Amino acid sequence: MDPVQQLQNMSALDAAHHIHPFCDIKDMQKNGTLIMSRGEGVWIHDSLGNPYLDGFAGLWCVNIGYGRKEVGEAVLRQMNELPYYNTFFGTSTAPATLLAEKVTGYTSGRMNRIFFTSSGSEATDTWFRLARIYWKALGHPSKKHVIARRNGYHGSTVAGASLGGMKHMHEQGDLPIEGISHINQPYWYADGGDLSPAEFGLKVASELEAKIDELGEENVAAFVGEPVQGAGGIIIPPDTYWPEIQRICRERNILLIADEVVCGFGRLGRWFGHEHFGFEPDMASVAKGLSSGYLPIGGVLINDRVADVLAQAGDINHGYTYSGHPVCATAALENLRIIEDEKLVQRVRDDIGPYFAERLKSLEDHPVVGQVETVGLLGAIQLAKDKTTRQRFQDVDLAGRTVRNFCYKHGLIMRATADRMLASPALVISREEVDAMVRYMRHGLDHLAEQNLA
Ligand code: PMP
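Reading guide: rules and limits
- Residues numbered from 1 in each chain as written.
- Predicted model: local features only at pLDDT ≥ 70, side-chain atom pairs only at ≥ 80, totals over all residues.
- Helix = DSSP H or I, 4+ residues; strand = E, 2+ residues; numbered from the N terminus.
- Near = placed C-beta within 6 Å.
- Nonpolar A, V, L, I, M, F, W, Y, C, P; charged D, E, K, R; others polar.
- Domains from an automatic or database assignment.
- Contact = placed C-beta atoms within 7 Å.
- Core = buried A, V, L, I, M, F, W, Y, C linked by C-beta atoms within 7 Å.
- Buried ≥ 20, exposed ≤ 12 C-beta atoms within 10 Å, placed from the backbone.
- Pairing = 2+ DSSP bridges.
- Axes fitted to C-alpha atoms, helices over the stretch in contact; angles between N-to-C directions.

J.: Describe the environment of Val158, and please don't skip the residues or the numbers.
T.: Among the secondary structure elements, Val158 is positioned in helix α7 (residues 158-163). Distance in space between the C-alpha atoms of Val158 and Val369 is 36 Å, their sequence separation being 211 residues.

Structure (structure tokens):
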């Protein structure tokens, strides 16, 4: 069968049988599906052989790039040796145990325990329960409430979608569940007004204190945030923000949770995003870059303060069939070996990160660009109708979609959250590939300017 025919068949099969995450089923059936078939480095090919520069590392996860045969080989060995055993009832496997040692080792002794999950969403549900178990074990059962942020993202399970601050998710399924509140995000471009970013960081952090007062400290278990809000639009907080959040959490005796699902494992040029911003969480959820997406695995890192109390809490009735899955743990171990051997974290901090920042910043001269922000290999291009007044396009979604779709059509995969264009490439991206990305982006921005949107 010729490849076009094969693709059409596959696309039709997909439309008939496959419901995708975050999609309008009718639209997808009408438009068909793009079937991806092969990847190498930062490049991904569809089943017709068309190449795309993947500026998004899959879904912020393929940190070591596509096509690393070493991972496949390690996984095959483990598959043949022991494809599965659980970590319930006092058993473990060598890959799960070695991975626990390895990952906690990246925290410089700050978080010495990890609970394994298969995804970021499961990690969210895990720390949400552990935080309540912690306070109950300490004799404070009323400390249950969790404060999160508008426009944050913590997954798609009921607790994850509730903790996330996405209105369009809350509208479906009667969320958030009880016991969860949201405060504003540190999005200076949209909400900062006349304040400097530093002033705005403090102001928006102070909302946490006000919310604790409103709920009563004796009722609040924890605050959660992504070091940099990813899905919300790569919202990079001012430097004043996280230290102030940490101060409030410590003074008001609530747990500080970092969602490191996007920021973990080198994306910001540190092992974890909280190191970049200078704060120390009590628990941190991880996934994505832990295995670079080669197999599904996540977890919750836990510091001694919390772990010591959990150890006194009796049975912890929480866990997943695939917690610490030996084949997934093997993929993660091999992924981390590659990140270490190729010094990818240092590469992001000292070499490709600064280069990416400089090249992306060069787009700030474009008439439809209000601001470019980067940290490590996360980059956001804020679109603007009038850059001098920070005025945004009337239909922010249309503006973002226009650039994204143009780029996609011309071979660059990037994402748009409203009017922010997002980039999050694999940590192995070369300078030439960064240049190509920026070239494509500029064409996309030119295309938006030509549309003359209101
Ligand atoms: N937290 C953050 C910050 C995320 O970006 C995501 C996924 N994009 C999740 C949690 C949920 O992870 P998963 O999709 O693996 O459940």
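J.: Describe the site of the ligand, listing the residues and the values that go with them.
T.: With respect to spatial proximity, 15 residues lie near the ligand, and among them Ser119, Gly120, Ser121, Gly155 and Val261 are the closest. Looking at which element gives the most residues to the shell around the ligand, the answer is helix α6 (residues 120-137), with 3 residues. Classifying every residue of the shell around the ligand gives 6 nonpolar, 7 polar and 2 charged.

J.: Explain the domain arrangement of the protein to me, and be specific about the residues and the numbers.
T.: If you check the domain split of the protein, you get domain 1 (34-64 + 343-451) and domain 2 (71-341). Each of domain 1 and domain 2 has a C-alpha centre, and these two points are 26 Å apart. Each partner contributes residues to the interface: domain 1 has 27 residues there, and domain 2 has 24 residues. Broken down by secondary-structure element, the contributors of at least two residues to the side of domain 1 that touches domain 2 are α3 (57-60), α15 (344-361), β11 (369-375), β12 (378-383) and β15 (420-423). Looking at which element gives the most residues to the side of domain 1 that touches domain 2, the answer is α15, with 5 residues. Here the side of domain 1 that touches domain 2 is composed, by residue class, of 14 nonpolar, 9 polar and 4 charged.

J.: Just give me the short version of the nonpolar core, but keep the residues and values in it.
T.: The biggest cluster of nonpolar side chains holds 127 residues, and the ones touching the most others in it are Ala131, Phe223, Leu255 and Met283. Among the elements that make up this core, the one with the highest residue count is helix α14 (residues 326-341) (8 residues). Every residue in contact with Leu255, bar those within four places of it in the chain, is listed here: Ala131, Tyr134, Ala221, Ala222, Asp282, Met283 and Val306.

J.: Tell me about the sheet that holds strand β7 (residues 220-225), and please be specific about residues and values.
T.: Taking strand neighbours across the sheet as the criterion, the 7 strands line up as β4-β10-β9-β8-β7-β5-β6 in an open arrangement whose pairing is mixed. The two strands at the open ends of the sheet, each matched to only one other strand, are β4 (113-117) and β6 (180-183). Averaged over all adjacent pairs, the angle separating strand axes in this sheet is 20°, with direction ignored. Set on the sheet, helix α10 (residues 197-215) makes contact with β5 (145-149), β6 and β7; between it and β6 the angle comes to about 150°.

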